Every structure is written in C-alpha cells, then in structure tokens.
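Secondary and tertiary structure notes
Below are the chains, spelled out letter by letter.
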Amino acid sequence: MVHLWHATHVPPRTHDVSAGMRGVTFPSVNLRSRLVWLIATLAGAALVPVARAEGNRPLVALERLEGRRIERIEVFHPSTVSIEEVRALLGFPEASPLDLEMLRNATRRLFADGRFRQVRFGGIESGPDAMRLVLQLEPTRVVGRIEVGAAPGLGSGWVKSALGVEVGAPIDRRELGTLRSRLRARLARRGWRASEVGMKLTSLDDRGTVALTLDIEPGPRTRVREVRVEGELPYPRWDVDFGLEEGEPLDLDRFDARKAELEVRLRRDRYLDARIEDARVVPVAGEPEQPWVDVVLPVDPGLPVRVVIEGNRRMSKSRLLEDAVVLEELGTARTGLEELRERILARYERLGYYRARVLVYARESEDGERREVLLGIDEGPGSYVLKLRFSGAASISEARLQDQVRETV
C-alpha cells in the first residue's frame, strides 16, 4: 500500500548517488522522522489528495503531479537495506516523469522483496514542471528472541515448541491473535482448558528485530474420569492402552499417539476398513478448581478382510498380494479396489501380458464373519519380441547388441 501519513519533518542526512542517477538524491534518516504522506492501495486506480502543508512546502496530490519531472527522491529506509538496493528496486530511469502506474509497480517490487512491511510515497511540488518524491520504507518485523515470562508449571521449551514460531521468522502484530489461539489450543490438549495467554512485541533495534514476550496463566489442569469406547473393538479392553488412566491429567497428544498405534494394529490384523474418529472430550460435574472430563472414542473396526485370487497362472499369488497392500491405506471401498486393479494390470504389462483383464470386487462372506476381496484374472496371451533394432549404434555391431540384450534379459 502507498500510505498518507502526517507529522513534522526532520531535515534528513543525504547520500549523493549522482554517479548512478544524476540529479536524484537518496537521504538516509531515522524512521521516526516524519512527513505528510499520500496513501493509496496497491491496486487502487486513484490516490487520495492531501489538504495539508508542511511549513512552506505544500504537499500536492500525486495525481496533480503526474507527468512532472522527478528532480529528487528522498528515501527513509532501515539500515538493513542499502540505498543502491532501494534504487534497483524502484527501477526509475534518470529524471523520469512521475507516473502513478510506475509507483504501483515499484511498490509491488518492494513488497515482493520481503524486507518491508510498509511502503509510503509522498510528493512535494518544487517547480512549475518539477517535483520531489519522498519514500519511506518500514522493515518487516523479525523475531530476534522469544521470552517466556510467567508460565507456572510449564517448561519454556515446550511453550516455544507449541507456539510454532522460530527466531528469525517474520512476524506482524496482526498475527498475535492467531498465535494466542494456537497456544491456547495446545494448552487445552494438555489439560489446561481455561488458560489465559498474553503476548507482546518489543522493538530491539531500527532494523525491525523484535522480542516476542509471552505470559501464561494456565489455570487448573483438567483430569480424566474415564476413557470410553463407542463401538466394539476386536480386542479385550485390558489389551488396549490409550495412554490415559483414571485420575490422570488430560493429555490428548499422548492419547492420539496411542490411537495411531491402534489404527496400525487393526490394519495389521486385516481390519482394513476400520475407522477411528477424533475423540470427544466431555466435561463432567466437578468443582471449578478441579475440572473432570470423560474421553470418548468412536470406533468402527469393520470386518477382517481376506483376499481371494483366481485365474492367475504366470503370476504367483505372493506377488499379487504385494499389490494388495494398497488396501491397508485405502480400504476396500471403490477407490481402493480400482487402485488394486490398476497395479495388477501394470504388473502383467511389465511381463508382456498387454491383454490381461482383471475383475476386482468385494463382498461379505457367507457366514458374515469377514469381508472378501475377489480378484478374477484373465491373463490372455503373452507378447514376444520378434525383432530388435538399434538406431544410432555406429561403433557397435547390431549382433553384439542383440547378444547383450539376450544375456541381460
């Protein structure tokens, strides 16, 4: 964006770069120096007029200055960028006439560079056909350090990891609300479901480096009264460890890790259509200073799956069952069956059976105890090499190449 900003101006210290842009001066000043600025959106068609003046130098709407020769460019920039880099990003030719589209393109380039969070242009009338262009660049804020203040019962290492922000990463004040919500959500998963989180950014230098300070009041930690399974597991309850016992603090991170292990176990035992949904945390009656919850896990293990193969002659069942591993990921629904069929066809094609046909379908067994995936295979005739031709092999005889191919195959 190109912004309108008003305050008093401090005379700048200038850099003469006339060797590269004759008649154009780039001053370097502290970003706290202030001017009246003209603001416009990056994609806007018009710039907002200014009805103020600074001392004896009136500021004029940039539309009124369009076409005038830019006799000087004053740049207010952070110390992390050099005048030469700013000049390259602006891309203005020497003593060029002011063009609003030219400013918008320069603004896009400056933002795309990634080092600036605000780009401001201002215009000062300096003659009948001349003007001065003023540019202020504010650096992108970068996290220089993360400070964990009050956080009773929480390790600073865990807090920094849960926050998900690294030192050196760009940050904006508008992101603090999102970061606060993220940290509170992570705390809630660990049992602190009524936490309060304070965050602030403190400037460390004029290059945009800031300190991110956190203060956390976790509140009481929720405990687990019971872990309940909705549905039927094919294992006795004592044989399944969810990582949470009665009376322990709530820890959904640990619970989800054990749930993932259960999913792997079900698929290993051929429950390929098993579905385990996200756990529900249900508050139960208790004192405010010691909240309790039930953790409810919906589970549908489905039926164990058996793969039945018929019609294969040239391909062993063990090799075909290697392709059936895809069912562990996709299950026996349509997507999984189609993927299995394509993999088996590709395997036959590699052996030269280009006319092979594969029928794949799933059904429940007659006794209702399992789900069967049936593979009906018609291999068809195999293909054979009639003749080998080698083009471009001038230095090696064709007979020798044919012998080599036969030995390799």
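Higher on the page you've got the structure.
These notes cover the structure that comes with them. (Residues numbered from 1 in each chain as written. Predicted model: local features only at pLDDT ≥ 70, side-chain atom pairs only at ≥ 80, totals over all residues. Heavy atoms only, no water.)

So, the overall build of the protein
For the record, the criterion: Segments assigned H or I by DSSP are reported as helices when at least four residues long, segments assigned E as strands when at least two residues long, and all are numbered from the N terminus. The cut-offs for exposure are 20% and 50% of the maximum accessible area for each residue type, with area from a 1.4 Å probe on protein chains only; residues under the lower value are buried, those over the upper are exposed, and the others partly exposed. Should any heavy atoms of two residues lie within 4.5 Å, those residues are considered in contact. Accessible surface is estimated by sampling points in the Shrake-Rupley manner with a 1.4 Å probe; for residues, cover comes only from the protein chains shown.
Helix and strand counts for the protein come out as 10 helices and 17 strands. Looking at the protein as a whole, 40% of its 409 residues qualify as buried. For the protein, long-range pairs separated by at least 24 residues make up 63% of all intrachain contacts whose partners lie at least 6 apart in sequence. By element, 48% of the accessible surface of the protein is carried by carbon and sulfur atoms, the whole surface being about 22800 Å².

What to know about the sheet that holds strand β9 (residues 196-203)
Spelled out, the test is: A pair of strands is treated as paired once DSSP finds two or more bridges between them. Note on method: axes are straight lines fitted to C-alpha atoms, helices fitted across the in-contact stretch only, with angles between N-to-C directions ranging 0 to 180 degrees.
Spatial ordering of the open sheet is given by β8-β10-β9, a layout of 3 strands whose pairing is mixed. Unpaired on one side and paired on the other, β8 (142-148) and β9 mark the two borders of the sheet. Going from strand to strand, the sheet's axes swing by 25 degrees on average, the running direction of each strand aside. Bridge analysis of β9 against strand β10 (residues 209-217) gives 8 bridges, and the strand direction is antiparallel.

Some details on helix α6 (residues 252-268)
One full turn of an α-helix is made of 3.6 residues, so residues set three or four places apart face in the same direction. Applicable threshold: Working rule for helices: expected span equals 1.5 Å times residues minus one. To obtain the arc, one takes the directions from the helix axis to the C-beta atoms. In the analysis that follows, any N or O atom pair within 3.5 Å is treated as a polar contact, provided that within protein one partner can donate a hydrogen and the other can accept it, and provided that, for residues neighboring in sequence, both atoms belong to side chains.
Its 17 residues place the ends of α6 24 Å apart at the C-alpha level, agreeing with the 24 Å of an ideal helix rising 1.5 Å per residue. Along α6, the residues that are buried comprise Leu252, Phe255, Lys259, Leu262, Arg265 and Leu266. What you see down the axis of α6 is that its buried residues fit within an arc of 125 degrees, all on one side. Residues Glu261, Val264 and Arg268 are exposed on α6 and point more than 90 degrees away from its buried face. Regarding α6, its N-cap is Asp251, as a side-chain oxygen of that residue lies 3.2 Å from the backbone nitrogen of Asp253 further along. Arg270 occupies a position one or two residues after α6 and carries a positive phi of about 75 degrees.

Here's the deal with helix α5 (residues 176-189)
With 14 residues, α5 ought to run about 20 Å at 1.5 Å a step, and its terminal C-alpha atoms sit 20 Å apart, in line with that. For α5, the set of buried residues is Leu176, Leu179, Leu183 and Leu187. Down the axis of α5, the sector holding all buried residues measures 75 degrees, keeping them to one side. Buried residues along α5 sit in contact with α4 (156-163), β9 and β10.

Overview of the packing of aromatic side chains
Both the distance between ring centres and the angle between the ring planes are used here to describe each pair of aromatic rings. This is how the line gets drawn: Here the aromatic set is Phe, Tyr and Trp, taking the six-membered ring for Trp, and pairing holds for ring centres within 6.5 Å; pairs whose planes are under 30 degrees apart are stacked, those over 60 apart are edge-to-face, and all others are tilted. For a Lys NZ or an Arg CZ to count as sitting over a ring, it must be within 6 Å of the ring centre and within 35 degrees of the ring normal.
Evaluation of the coordinates by the stated rule reveals 2 aromatic pairs. Between Phe242 and Phe255, the aromatic rings sit 5.5 Å apart at their centres with planes inclined by 25 degrees, giving stacked as the arrangement. One end of the pair, Phe242, is in the loop between β11 (223-230) and α6; the other, Phe255, is in helix α6, and 13 residues separate them in sequence. The exposure classification of Phe242 matches that of Phe255, with both residues buried. On the numbers, 6.0 Å between centres and 80 degrees between planes, the contact of Tyr348 with Tyr353 is edge-to-face. Assigned by exposure class, Tyr348 and Tyr353 land together as buried. One Lys or Arg, Arg265, reaches over the ring of Tyr235 and ends 3.7 Å from the middle of that ring.

With respect to the environment of Leu262
Mapping Leu262 onto the fold places it in helix α6. Each C-alpha atom, one on Leu262 and one on Asp241, is 8.7 Å from the other, the two residues being 21 residues apart in sequence.

Side note on the sheet that holds strand β6 (residues 116-127)
With respect to topology, 3 strands assemble into an open sheet ordered β5-β7-β6, the strand pairing being mixed. Edge positions in the open sheet fall to β5 (69-76) and β6, since each of these has one partner strand only. Neighbouring strand axes in the sheet, compared pairwise and without regard to direction, differ in orientation by 20 degrees on average. Strand direction decides the pairing type here: β6 and strand β7 (residues 130-139), joined by 10 bridges, are antiparallel.

Some points on the pattern of salt bridges
Cut-off, in case you're wondering: The working definition used for a salt bridge is a side-chain nitrogen of Lys or Arg within 4 Å of a carboxyl oxygen of Asp or Glu.
Under the defined criterion, the tally for this structure stands at 37 salt bridges. The shortest N-O distance in the salt bridge between Asp253 and Arg189 comes to 2.9 Å. In this pair, Asp253 sits in helix α6 while Arg189 sits in helix α5, placing the two residues 64 residues apart along the sequence. As a salt-bridge pair, Asp241 and Arg258 come within 2.4 Å of each other at their nearest N and O atoms.

Side note on the nonpolar core
Rule in force here: Only buried Ala, Val, Leu, Ile, Met, Phe, Trp, Tyr and Cys residues count toward a nonpolar core, and they belong to the same one when joined by side-chain atoms within 4.5 Å.
Counting residues in hydrophobic clusters, the biggest one holds 23 residues, and the most contacted among them are Leu90, Phe92, Leu133 and Leu135. For this core, the elements supplying multiple residues, two or more each, are α1 (62-65), β5, α2 (83-90), α3 (100-113), β6 and β7. With 5 residues, α3 is the largest single contributor of residues to this core. With sequence-adjacent residues up to four places away left out, Leu133 is seen in contact with Ile70, Arg72, Ile73, Glu74, Phe92, Leu98, Leu103, Phe121 and Gly122.

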